[in-house]
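So you can see what is in the structure, the chains are spelled out below.
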Amino acid sequence: MTAKQVVLAEYLRARRAALKPEDVGYPPDPQRRVRGLRREEVAERAGISLEYYVRLEQGQNHRISEQVLEALARALDLDDSGRSYLYKLALPSPSDARLQETDHEVTPRLRALLDQWAGTSAEIFDRNQDLIFVNSLAAALAPGYSIPGNNYVVMMFETPLENRSNERWRETARDSVAALRFHADPDDPRLRQIVDQLMPDADFREFWLAHEARPFSSGLAPNFVDGYGWVELPFQVLDVPGGLFMNVIVPEPDSPAGFAIEHLLARLRGPDDADELDETQAEASAAAR
């Protein structure tokens, strides 16, 4: 049994358990002893035999047709991301082999471009969320963390337990875990290393075992900016050729995130610039009141 077959079986079981019977047309049953749908209910909704579906949940699939996959996606009420992940597990693309051979080197031209973005925080990472390249502002925003070789997900769960009550942290952490599952290759030893390292963490374990899978996109990430304090930084993730991703901070002008980055840039230029900027921002804040 391959790693993808094992993960596919786990995914089917998790998605079946996550469905509420009443949400897909089955009447409430107080005698129901399983969480979510029964196997026979999924098989019925998908129009396949119970025996065949049981084999899928046991990882005994060798080749699943796209017709059956589409039927399973409907039966399990998967969204577009869930459907894409299901197809990825069941019908691996030939590009998977090429991605495994990629050396994940950032081209000199791309490095030069990001280095020129003095006022924009940008980082490049791989599908396991290992940082490959970090420009100067990104390194300054998270000193000691935004370093090539560090891992986004591992860093996320290095947050002390007392700081995790922030709902934004939970949202960002959950999205990071879902993206790790969506993008990473189940056969990749690096993925297994990350998961084994983090499984003792209760929050990571909760998110990982939920089997949510969705690609990188955008959002708000809580971040402590030295000399300024906590702020939510808007980010956008872009695809980079070679199976890599770029995380770019895109704050709105005259927003807390924008002020925080201006403050950090001024501190990087020197203390006089920082003092002058603090006075300007204080005056703007007083005028707004």
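Heads up: the structure comes first, above all this text.
Rules behind the numbers
- Residues numbered from 1 in each chain as written.
- Predicted model: local features only at pLDDT ≥ 70, side-chain atom pairs only at ≥ 80, totals over all residues.
- Heavy atoms only, no water.
- Helix = DSSP H or I, 4+ residues; strand = E, 2+ residues; numbered from the N terminus.
- Buried < 20%, exposed > 50% of the residue type's maximum accessible area, 1.4 Å probe, protein only.
- Contact = heavy atoms within 4.5 Å.
- Areas by Shrake-Rupley, 256 points an atom, 1.4 Å probe, with all protein chains shown as cover.
- Core = buried A, V, L, I, M, F, W, Y, C linked by side-chain atoms within 4.5 Å.
- Axes fitted to C-alpha atoms, helices over the stretch in contact; angles between N-to-C directions.
- Left-handed = near helix turned anticlockwise from the far one by under 90°.
- Nonpolar A, V, L, I, M, F, W, Y, C, P; charged D, E, K, R; others polar.
- 1 Å grid on protein atoms, 1.4 Å probe; cavity = no way out; pocket = protein on both sides within 12 Å on 5 of 7 lines; lining within 4 Å.
- Points joined across faces, edges and corners; volume = space filled by probe spheres on them.
- Pairing = 2+ DSSP bridges.

> Help me understand the overall build of the chain in this model?
On a plain count of helices and strands, the chain comes out with 14 helices and 5 strands. Per-residue burial over the chain gives 46% buried out of 289 residues. Of all intrachain contacts in the chain linking residues separated by at least 6 positions in sequence, the fraction that spans at least 24 positions is 54%. When the accessible surface of the chain is split by element, carbon and sulfur atoms take 50% of a total near 15,600 Å².

> Would you explain the nonpolar core in this entry?
Within soluble globular proteins, side chains that are nonpolar tend to cluster in buried spots. Core analysis: the largest hydrophobic core is formed by 30 residues, its most contacted members being Tyr53, Leu72 and Leu86. Counting residues per element, this core draws most heavily on helix α4 (residues 66-75), at 6 residues. Aside from chain neighbours lying at most four places away, what touches Leu86 is Leu8, Tyr11, Leu12, Leu69, Leu72, Ala73 and Leu78. One finds Val134, Met155, Leu233 and Ala257 within the second-largest nonpolar core, a separate group that totals 23 residues.

> Would you explain unusual backbone geometry in this entry?
Outside of glycine, negative phi angles account for most residues, and trans bonds account for most peptide bonds. Phi at Asp77 takes a positive value of approximately 55 degrees, unusual for a residue other than glycine. Here Asp77 shows up in the loop between α4 and α5 (80-90). Here the phi dihedral of Gln129 falls at roughly 70 degrees; this positive angle occurs in a residue that is not glycine. Considering the arrangement of structural elements, one finds Gln129 in the loop between β1 (122-125) and β2 (131-134).

> Would you explain the packing of helix α1 (residues 3-18) against α5 in this entry?
Any two packed helices are characterised by the angle at which their axes cross and by the distance between the axes. Look at α1 against α5: their axes get within 9 Å of each other, and the N-to-C directions meet at 145 degrees. Regarding α1 and α5, the two cross each other, and that crossing is left-handed. For the pair α1 and α5, the contacting residues are Lys4, Val7, Leu8, Tyr11 and Leu12 in the first and Gly82, Tyr85, Leu86, Lys88, Leu89 and Ala90 in the second. Per-class residue counts for the contact of α1 with α5 are 8 nonpolar, 1 polar and 2 charged.

> I'm lost on the layout of surface pockets in this one. Help?
Think of a ball as big as a water molecule: rolled over the atoms, this probe shows where empty space is left. Of the pockets and cavities examined, the largest pocket occupies roughly 1,100 Å³. If you trace the largest pocket, you find 41 residues lining it, with Tyr152, Met156, Ala221, Pro222 and Asn223 closest to the centre. Within the residue set of the lining of the largest pocket, elements represented by two or more residues are β1, α8 (136-141), α9 (152-156), α10 (167-183), β3 (218-225), β4 (229-240) and β5 (244-249). No other element matches the 6 residues that β3 contributes to the lining of the largest pocket. A breakdown of the residues in the lining of the largest pocket according to their chemical character gives 24 nonpolar, 12 polar and 5 charged.

> Looking at this structure, I do not really get the sheet that holds β5. What am I missing?
The strands that make up a sheet are held in pairs by hydrogen bonds between backbone atoms, and each pair lies either parallel or antiparallel. The strand order β2-β1-β5-β4-β3 describes an open sheet built from 5 strands, whose pairing is antiparallel. Each edge of the open sheet carries a strand with a single partner, namely β2 and β3. The sheet shows a mean angle of 30 degrees between the axes of neighbouring strands, taken without regard to direction. In this sheet, β2 lies alongside β1 in antiparallel orientation, the contact comprising 3 bridges. Looking at the pairing, Glu123 lines up with Val134 of β2. Contacts from α10 reach β3, β4 and β5, with the element oriented near 125 degrees to β3. Strands β3, β4 and β5 of the sheet are contacted by helix α13 (residues 256-269), whose axis makes an angle of about 95 degrees with β4.

> Any chance you could explain the environment of Leu161 here in plain terms?
Tracing the sequence through the fold places Leu161 in the loop between α9 and α10. Overall, the relative accessible area of 63% leaves Leu161 in the exposed class. On a C-alpha basis, the gap between Leu161 and Asp201 in space is 9.9 Å, while along the polypeptide they are 40 residues apart.

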